[in-house]
Amino acid sequence: MKLQRRLIASMVLAALLPLTAQAQTVLKSHDTHPAGYPTVVAVENMGKKLDAATQGRIKVQMFPGAVLGQEKEAVEQVQLGAIQMARISLGVIGPVVPEVDVFNMPFVFRDIKHMRAVIDGPIGDELLAKVTASPARLVGLGWMDGGARSLYTKKPVRTPADLKGQKVRMMGNPLFVDTMNAMGGNGIAMAYGEVFTSLQTGVIDGAENNPPSYFTANHYTTPAKYYSQTNHLIIPEILVMSKVAWDKLSPADQALVKKLAREAQMEQRQLWDKSVEEYTAKLKAAGVEFINIDNKPFYDATEPVRQKYGAKHADLMKRISEVK
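Please read these numbers as outputs of a predicted model, since none were measured by experiment.

Enquirer: What exactly am I supposed to notice about helix H6 (residues 174-183) here?
Expert: A turn of α-helix holds 3.6 residues, and therefore any two residues three or four places apart point the same way. Among all positions in H6, only Leu175, Phe176, Val177, Thr179, Met180 and Met183 are buried. Each element contacted by the buried residues of H6 is listed here: strand E5 (148-153), strand E6 (167-170), strand E7 (186-189), strand E9 (226-234), helix H11 (296-301) and helix H12 (303-310). Capping the start of H6 is the job of one residue whose side-chain oxygen sits 2.8 Å from the backbone nitrogen of Leu175: Asn173.

Enquirer: When you look at unusual backbone geometry in this model, what are you seeing that I'm missing?
Expert: With the exception of glycine, the majority of residues adopt a negative phi angle, and the majority of peptide bonds are in the trans configuration. In this structure, Arg137 takes a positive phi of about 60° despite not being glycine. With respect to the helices and strands, the residue Arg137 is situated in the loop between helix H5 (122-133) and strand E4 (138-144). On the basis of relative accessible area, Arg137 is assigned to the partly exposed category, the value being 40%. The residue Asn218 is not glycine, and still its phi comes out positive at about 65°. Structurally, Asn218 can be placed in the loop between helix H8 (211-216) and E9.

Enquirer: Where do I start with the pattern of salt bridges in this structure?
Expert: If the charged atoms of two oppositely charged side chains come close together, the side chains can form a pair. Summed over all chains, the structure comprises 22 salt bridges. A salt bridge links Arg116 to Asp273, with the shortest nitrogen-to-oxygen separation between them at 2.8 Å. In this pair, Arg116 is assigned in helix H4 (residues 112-120) and Asp273 in helix H10 (residues 251-285), connecting sequence segments 157 residues apart. The exposure class of Arg116 is buried, given its relative accessible area of 13%. Residue Asp178 pairs with Lys308 through a salt bridge whose shortest N-O separation is 3.0 Å. A residue pair is termed long-range when its members are at least 10 positions apart, and Asp178 in helix H6 and Lys308 in helix H12 qualify at 130 residues. With relative accessibility at 22%, the residue Asp178 sits in the partly exposed group.

Enquirer: I keep staring at the nonpolar core and nothing clicks. Help me out?
Expert: In summary, soluble globular proteins display a tendency toward joint burial of nonpolar side chains. Within the largest apolar cluster, 49 residues are counted, with the highest numbers of intra-cluster contacts made by Phe103, Ile238 and Ile320. Ranked by the residues each element gives to this core, the list is headed by H6, at five residues. Beyond its immediate sequence surroundings of up to four residues, Ile238 is in contact with Ala86, Arg87, Ile88, Leu90, Ile93, Leu128, Val131, Gly142 and Trp143. Counting residues in each nonpolar core, the second largest holds 25 residues, with Val43, Val60, Leu141 and Trp246 among its members.

Enquirer: Sorry if this is basic, but what is going on with the sheet that holds strand E10 (residues 237-242) here?
Expert: One key point about sheets: their strands pair by backbone hydrogen bonds, in either a parallel or an antiparallel sense. Strand order across the open sheet formed by five strands is E2-E1-E3-E10-E4, with mixed pairing between neighbours. Taken across any chain shown, the strands that pair with only one partner, and hence form the sheet edges, are strand E2 (58-63) and E4. Adjacent strand axes in the sheet meet at a mean angle of 25° when their direction is disregarded. Bridge count between strand E3 (residues 85-88) and E10: four bridges; the pairing is antiparallel. Considered in E10, the bridge of Arg87 is made with Leu239. Its contacts with the sheet put H5 on E4 and E10, and the angle it makes with E4 is roughly 150°.

Enquirer: Explanation requested: H12 in the structure shown.
Expert: All buried positions along H12 are accounted for by Val305, Arg306 and Gly310. Buried residues of H12, seen end-on, are gathered within an arc of 100° and therefore sit on one face of the element. In this structure, H12 carries Pro304 and Lys308 as exposed residues pointing more than 90 degrees from its buried face.

Enquirer: How should I be thinking about the side chain of Thr54 in this particular structure?
Expert: When you line up the elements, Thr54 lands in the loop between helix H2 (38-53) and E2. A polar atom in the side chain of Thr54 sits 2.8 Å from the backbone oxygen of Leu50. Within the structure, the side chain of Thr54 is placed 2.9 Å from the backbone nitrogen of Ile58, a separation counted as a polar contact.

Cut-offs used in this document
Residues numbered from 1 in each chain as written. Predicted model: local features only at pLDDT ≥ 70, side-chain atom pairs only at ≥ 80, totals over all residues. Heavy atoms only, no water. Buried < 20%, exposed > 50% of the residue type's maximum accessible area, 1.4 Å probe, protein only. Helix = DSSP H or I, 4+ residues; strand = E, 2+ residues; numbered from the N terminus. Contact = heavy atoms within 4.5 Å. Polar contact = N/O pair within 3.5 Å; in protein donor to acceptor, adjacent residues only side chain to side chain. Salt bridge = Lys/Arg side-chain N within 4 Å of Asp/Glu carboxyl O. Core = buried A, V, L, I, M, F, W, Y, C linked by side-chain atoms within 4.5 Å. Pairing = 2+ DSSP bridges. Axes fitted to C-alpha atoms, helices over the stretch in contact; angles between N-to-C directions. Arc of directions from axis to C-beta.

Here is the structure:
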């Protein structure tokens, strides 16, 4: 009789174990940025809130530093549901939601404050909804601040004329190469990992990025020690979730994830501002000269680029310009 009771108890326990395992959902989240980076920390904190709010039923497991693959491979895994969340650049979204390409254009935002007002408002919400409704099998959860990109060169740059003859690395997109050419330089498409050596050996004369990236990639240790604050590109990034994983959540859990993603969007920018301040101080201490410039000549010079790439999005660009 005792043996029979033990057998029944074991069978009941065995039946309950799968239910217990199924009760916990682990969302693997990818980021190409390293541990401690503002986007990584913001999503980690989002995960802690999600864990607490669901009493451990839903957790986020963070994988920073591209350990699950570079962005292209990671996004493919998110689309399949093998990875559940990712912070990604807009380049992979553009082919399915062309409107987001507007954010990649030079000087489409007046400054960081303007960009944040756009992504926090109706336009930001509309584009997230377009991502979710697209065939990309991604759900747009929120936006992340990618900072303002400026020039760092071997010779000081204050006007477009100062860029004449200078080879400047740009991200591998014709829009960005055209932007540098319009600004007066010679845009060179190049993989990010090649920039350090190319600056050291003279293959290129400069590059462009935000202060945290300029420092963490050690580009400031090359001869490119002049940082001209052109702020020519201010490109937000996006936090997405796999549609496969999203559809497995209840409506209440979906609403919770969206709410916490919005909180992460707001927290990340505070972390970002602190990061920019800290790395700017480190760069100045290392001998980098920050040059304040008049941006209008660069804005005027890049008008043909905005016309070329933005013509089909004229209404959206007008709405962006009207945001206060």
